[in-house]
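A look at the structure
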Amino acid sequence: METSNTWTVTPLPHDKHTIGCTWIYKIKFKSDGSIERHKAHLVAKGYTQQEGLDFVETFSPVAKLVTMKVLLALAASHSWHLAQLDVNNAFLNGDLFEEVYMDLPLGYLRQGESSSSQGKLVCKLHKSIYGLKQASQQWYSKFSQALLKFGFLQSKSDYSLFTKGHGSSFIALLVYVDDIILASPSSITIVELKQFLHTQFQLKDLGCLKYFLGLEIAKSKQGIMLSQRHYTLQLLEDTGYLACKPTAIPMDPKLRLAATEGELLTDITQYRRLVGKLLYLTLSRPDITFDVHKLTQFLAQPRLPHLKAVHHLLRYLKNSLGQGLFFSSTSSLQLRAYSDACAPVCLNAFSDADWGSCPDSRRSTTGFCIFIGDSLVSWKAKK
């Protein structure tokens, strides 16, 4: 932090206030569950900041996961090279324009704090340290400006997607906070971009894309496989269903769940925690999207039948641990959408819906799924 000029130790002005800070320790895991490294972050207590004094703008876009799936589908179809980068201490690259003072970190210059004759010594921040409300916005602003100066164009549909060139020199960059995906038909173009980014930021080259935001990515000549196998195994282990008897369907088609039928659960946090974990699993599992959507409707007052339905879904996951999305390398690039009640229509999206299926509200449930060629990239089920 001292080498990057994160702060300057100075006496606190009389008309200014400070924000606190704390150390956060985390363990970062690899895709197979083994420990990659131990991490320590100095985090500012941004919840004590005051709008208009310590910060103004806080919004920062992140990559849409649909965009990532589209990028993978295109990469599989065109046999593009895929690479991944990680930015070291990403937020410390963002310049801080507001005047912000922070207490000295624990164990840092405590002896000199009491020896100052000008008052209490504090850190005057020059960089957007982790925990500040504007930290993410300042980092994204600096990173995007560097890419635009290098000749990239920013997508209007997803501001985290940047593209440059065409033909064999085309390259796409997708950023999610400090995780970066590169896709290009030329490995030389990827190397040139890595070299440029190394001159601007401290990066860690993670090689070929294998693990992104908890999603496991495997590339072969046949295409790209996207799954959450390790996440599913961890979920089953945490819930005690790792050795359960598997089932072939996620939910009994004859089951009709209602908000007022059955005994109320004494511990609703267990149900909410399980459904929350299942929601994250729907990123690569369209086969459970409808069922998880149905279970989320009872988070306020979950009952015993709802919990039994969750347990049934866990048994189904045991039967399909590695199931996910496959982006075929032989897929065409025609955009089309399907429902079970219509034929494929080019550049059109169709949905299917039931009629007043909810026994509590008499509302209908609708759903859609969108393909690029044979690759499923977007889907949804909603009441």
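All of these numbers come straight from a predicted model, not from anything done at the bench.

**Some remarks on the overall build of the protein chain**
- Of regular secondary structure, the protein chain possesses 8 helices and 21 strands.
- Referenced to the eigenvectors of the C-alpha coordinate spread, the extents of the protein chain come out at roughly 75 × 60 × 40 Å.
- Here the contacts in the protein chain between residues at least 6 apart in sequence split such that 69% fall between residues at least 24 apart.
- For the protein chain, the accessible area works out to roughly 20000 Å², and carbon and sulfur atoms hold 55% of it.
- Taking the 42 positively charged and 32 negatively charged side chains of the protein chain as two groups, their mean positions are separated by 4 Å.

**What about a nonpolar patch on the surface?**
- Among the surface-exposed residues, Trp23, Tyr25 and Leu106 lie close enough to one another that they form a single nonpolar patch of about 400 Å² accessible area.
- Mapping Trp23 onto the fold places it in strand β3 (residues 21-29).

**Points about the pairing of strand β15 (residues 223-227)**
- With 4 of its 5 residues buried, β15 lies for the most part within the structure.
- In this sheet, β15 lies alongside strand β14 (residues 215-219) in antiparallel orientation, the contact comprising 4 bridges. Paired with Lys219 across the strands is Ile224, a residue of β15.
- Remark: 3 residues form the turn of the hairpin made by β14 and β15, two consecutive strands paired antiparallel.
- Pairing geometry for β15 and strand β16 (residues 324-328), over 5 bridges, is antiparallel. Note on β16: the bridge partner recorded for Ser227 is Gly324.

**Quick notes on unusual backbone geometry**
- In the Ramachandran plot, Leu213 falls in the positive-phi region, its phi being about 55 degrees despite a non-glycine side chain.
- Positive phi, normally seen in glycine, also occurs at Arg362, with a value near 60 degrees.
- Looking at the secondary structure, you find Arg362 in the loop between β19 (351-353) and β20 (366-372).

**Here we look at the sheet that holds β16**
- Ordered by their spatial adjacency, 4 strands build an open sheet running β13-β14-β15-β16, and the pairing between neighbours is antiparallel. Either end of the sheet is taken by a strand with one partner, and the two such strands are β13 (211-212) and β16.

**Section: the environment of Thr282**
- The residue Thr282 is located in the loop between α6 (268-281) and α7 (289-296) in this model.
- Looking at Thr282, the relative accessible area reads 14%, which means it is buried.
- Separated by 75 residues in sequence, Thr282 and Gly207 have C-alpha atoms that sit 27 Å apart.
- Not counting the four nearest positions on each side in its chain, Thr282 is found in contact with Ile288, Thr289, Val292 and Trp379.
- At 2.4 Å, the side chain of Thr282 and the backbone oxygen of Leu279 are in polar contact.

**Brief notes about the nonpolar core**
- If you look at the biggest cluster of nonpolar residues, it comprises 41 residues, and the most contacted ones within it are Met102, Leu125, Ile129, Leu132, Phe143, Leu173 and Leu197.
- Of all the elements in the fold, those that place two or more residues in this core are β4 (35-44), β5 (81-87), β7 (121-125), α3 (135-149), β10 (171-176), β11 (179-184) and α4 (187-200).
- The dominant element in this core, judged by the number of residues it contributes, is α3, at 6 residues.
- Leaving out residues up to four positions away in the same chain, Leu197 has contacts with Leu85, Phe143, Leu147, Leu173 and Leu203.
- Of all hydrophobic cores here, the second largest spans 29 residues; its members include Trp80, Ile217, Phe327 and Leu376.

**A short note on helix α1 (residues 65-78)**
- Over its 14 residues, α1 runs 20 Å from end to end, which matches the ideal 20 Å to within 8%, given 1.5 Å per residue.
- Residues of α1 that are buried: Thr67, Met68, Lys69, Leu71, Leu72, Ala73, Ala75, Ala76 and Ser77.
- Where α1 terminates, the next one or two residues include Ser79, which has phi positive at roughly 60 degrees.

**Some details on the packing of aromatic side chains**
- Counted according to the given criterion, the structure contains 8 aromatic pairs.
- Aromatic side chains Phe150 and Phe196 sit 3.9 Å apart centroid to centroid with 15 degrees between the ring planes, which places their arrangement in the stacked category. Residue Phe150 is found in the loop between α3 and β8 (153-154), and its partner Phe196 is found in helix α4; the two are separated by 46 residues along the sequence.
- For Phe150, a relative accessible area of 30% translates into the label partly exposed.
- When the centroid spacing of 5.1 Å and the interplanar angle of 65 degrees are considered together, the rings of Tyr231 and Tyr280 count as edge-to-face. With Tyr231 in helix α5 (residues 229-239) and Tyr280 in helix α6, the pair connects residues that are 49 residues apart, well separated along the chain.
- With relative accessibility at 21%, the residue Tyr231 sits in the partly exposed group.

**Observations concerning the side chain of His306**
- Among the secondary structure elements, His306 is positioned in helix α8 (residues 304-319).
- We classify His306 as buried; its relative accessible area is 0%.
- Dropping the residues within four chain positions of it, His306 is found in contact with Leu257, Ala258, Ala259, Tyr271, Leu295, Phe298 and Gln301.

**Quick notes on the confidence of the model for the protein chain**
- For the protein chain, per-residue confidence averages 87 on the pLDDT scale, and residues scoring 70 or more make up 93% of the total.
- The low-confidence segment residues 339-347, where pLDDT is below 50, has 16 contacts with residues more than four positions distant or belonging to other chains.

**So, the state of the cysteines**
- Counting across every chain of the model gives 0 disulfides.
- No disulfide involves Cys123; its nearest neighbouring cysteine sulfur is the one of Cys21, lying 7.1 Å away.
- Residue class for Cys123 comes out buried when judged on its relative accessible area of 0%.

The rules behind these values
Residues numbered from 1 in each chain as written. Predicted model: local features only at pLDDT ≥ 70, side-chain atom pairs only at ≥ 80, totals over all residues. Heavy atoms only, no water. Helix = DSSP H or I, 4+ residues; strand = E, 2+ residues; numbered from the N terminus. Contact = heavy atoms within 4.5 Å. Areas by Shrake-Rupley, 256 points an atom, 1.4 Å probe, with all protein chains shown as cover. Lys, Arg positive; Asp, Glu negative; His and termini not counted. Charge placed at Lys NZ, Arg CZ, Asp CG, Glu CD. Patch = residues over 30% accessible without salt bridge, like charges linked within 9 Å, V, L, I, M, F, W, Y side chains within 5 Å. Salt bridge = Lys/Arg side-chain N within 4 Å of Asp/Glu carboxyl O. Buried < 20%, exposed > 50% of the residue type's maximum accessible area, 1.4 Å probe, protein only. Pairing = 2+ DSSP bridges. Polar contact = N/O pair within 3.5 Å; in protein donor to acceptor, adjacent residues only side chain to side chain. Core = buried A, V, L, I, M, F, W, Y, C linked by side-chain atoms within 4.5 Å. Expected span 1.5 Å × (residues − 1). Phe/Tyr/Trp six-rings, centres within 6.5 Å; stacked < 30°, edge-to-face > 60°. pLDDT = per-residue confidence, 0-100. Disulfide = S-S within 2.5 Å.

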